[in-house]
Amino acid sequence: MLVDIGVNLTSSRFEKDLDAVLQRAASAGVEQMVVTGTSITESARATELCAKYPAQLLSTAGIHPHNAKEFTPDSVNKLSSLLEQKQVVAVGECGLDFNRNFSPAEDQLVCFEAQLKLAVDKQMPVFLHQRDAHKDFVEIMSRYIDKLPAAVAHCFTGNEVELLTYLEMGLYIGVTGWICDERRGGELQQIVNKIPLDRLMIETDAPYLLPRNLKPKPKPKSNRNEPLYLPHICQTVAHCYGLSFAEIETNTYKNSRNFFALDKMQL
Ligand SMILES: [Zn+2]
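Remember, predicted model here, so these are calculated numbers, not experimental data. (Residues numbered from 1 in each chain as written. Predicted model: local features only at pLDDT ≥ 70, side-chain atom pairs only at ≥ 80, totals over all residues. Heavy atoms only, no water.)

A.B. asks: Can you help me understand the side chain of Asp4 in this one?
C.D. replies: Relative to the assigned elements, Asp4 resides in strand β1 (residues 2–7). Of the buried charged residues, Asp4 lacks a salt bridge, with Arg224 as the closest side chain of opposite charge at 12 Å. Reaching out from Asp4, the side chain makes a polar contact with the side chain of Thr204 at a distance of 2.6 Å. In this structure, Asp4 is in contact with Val30, Gln32, Met33, Val34, Ile202, Glu203, Thr204, Asp205, Pro227 and Leu230, ignoring residues within four places of it in sequence. (Helix = DSSP H or I, 4+ residues; strand = E, 2+ residues; numbered from the N terminus. Buried < 20%, exposed > 50% of the residue type's maximum accessible area, 1.4 Å probe, protein only. Lys, Arg positive; Asp, Glu negative; His and termini not counted. Salt bridge = Lys/Arg side-chain N within 4 Å of Asp/Glu carboxyl O. Polar contact = N/O pair within 3.5 Å; in protein donor to acceptor, adjacent residues only side chain to side chain. Contact = heavy atoms within 4.5 Å.)

In structure tokens:
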């Protein structure tokens, strides 16, 4: 059994066939999926999906750094009430993205820190995004990490120095199909085994990041990624560690259940 810790199922690309997508995931052994909330609206939509598919779906509630410019003081109240819902298991996706700066850096810093404070108040784990903002990200996280129950750097695509810094801070690491790309994921393939097995989780980040080494070919025409392909990512990660599929499966499953406190949930 696997848990996909990051799926963007509120994307319009899943509008037409979500039932089938979830059925395929289940038959591939993906037991549960955590739907990523990226704004107040999308986080609310994610909770609606969870209510519709309570056995399979959980969600996060948060504001992605791209949407940080929408943040107002009232956003904290709205997120706070979303976080009260039982299937909402983490704060996020939140963090910093200075790669494209869809929101000004100053807005991102304010929005990120407000969500970390909320996570501390609620004692909930945090689902983190960081791109081209390592220094500021580490500075902010180092002030909060000790007060948080847990935090995961989702879709890790950084270098070894960044990885070791995160691990030293106590972060969990989320690995996506980025690792299945021998070109841009080459460095990750080399360093992934530095992640202790008790800190590793896996995710598809669907519909993005369709694994590049998917076989059999041809790959889906739409180029849409689905949770169905999580076992493929698990297999690639296992290969990079030199371990069996079952070892990565067992460890990431256990970590995900613990991280999101799924055993304590009353569904
Ligand atoms: Zn992200």
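A.B. asks: Is there a simple way to think about the sheet that holds strand β4 (residues 88–97) in this case?
C.D. replies: Strand pairing in a sheet is mediated by backbone hydrogen bonds. Such pairs are either parallel or antiparallel. With parallel pairing, eight strands are arranged side by side in an open sheet as β1-β2-β3-β4-β5-β6-β7-β8. Two strands close off the open sheet at either side, each with one partner strand: β1 and β8 (200–202). On average, each strand axis in the sheet is tilted by 30° relative to the strand beside it, whichever way the strands run. In terms of strand pairing, strand β7 (residues 172–175) meets β8 through three bridges, oriented parallel. Along β8, the bridge assignment pairs Gly174 with Met201. Sitting on the sheet, helix α2 (residues 40–52) touches β2 (30–35), β3 (57–61) and β4, and the angle it makes with β3 is about 165°. Strand contacts of helix α3 (residues 73–83): β3 and β4, with the helix running at about 145° to β4, the strand carrying the most contacts. (Pairing = 2+ DSSP bridges. Axes fitted to C-alpha atoms, helices over the stretch in contact; angles between N-to-C directions.)

A.B. asks: How should I be thinking about the packing of helix α5 (residues 134–144) against helix α6 (residues 160–169) in this particular structure?
C.D. replies: The packing of two helices is summarised by the inter-axis angle and the distance between the axes. Axis separation between α5 and α6 bottoms out at 11 Å; the angle between their running directions is 5°. Considering their axes alone, α5 and α6 lie roughly parallel with respect to each other. The segment α5 lies against α6, with His134, Phe137, Val138, Met141 and Ser142 engaging Glu162, Thr165, Tyr166 and Met169. Partitioned by chemical class, the residues of the contact of α5 with α6 number five nonpolar, three polar and one charged. (Parallel < 35°, antiparallel > 145°, perpendicular 65-115°, else oblique. Nonpolar A, V, L, I, M, F, W, Y, C, P; charged D, E, K, R; others polar.)

A.B. asks: Mind showing me how you'd approach the pairing of β4 here?
C.D. replies: Both faces of the sheet carry side chains from a regular strand, because those side chains alternate between them. For β4, the buried fraction is high: 10 of the 10 residues fall into the buried class. One ladder, built from three bridges, connects β3 with β4; its direction is parallel. For Ser59, the partnering residue across the bridge sits in β4 and is Val88. Judged from the six bridges that link them, β4 and strand β5 (residues 126–131) form a sheet pairing that is parallel. Counted as the bridge partner of Leu96 is Gln130 from β5. A crossover links β4 with its parallel partner β5, the connecting element being helix α4 (residues 105–122), and its sense is right-handed. (Right-handed = clockwise from strand over helix to strand, strands pointing away.)

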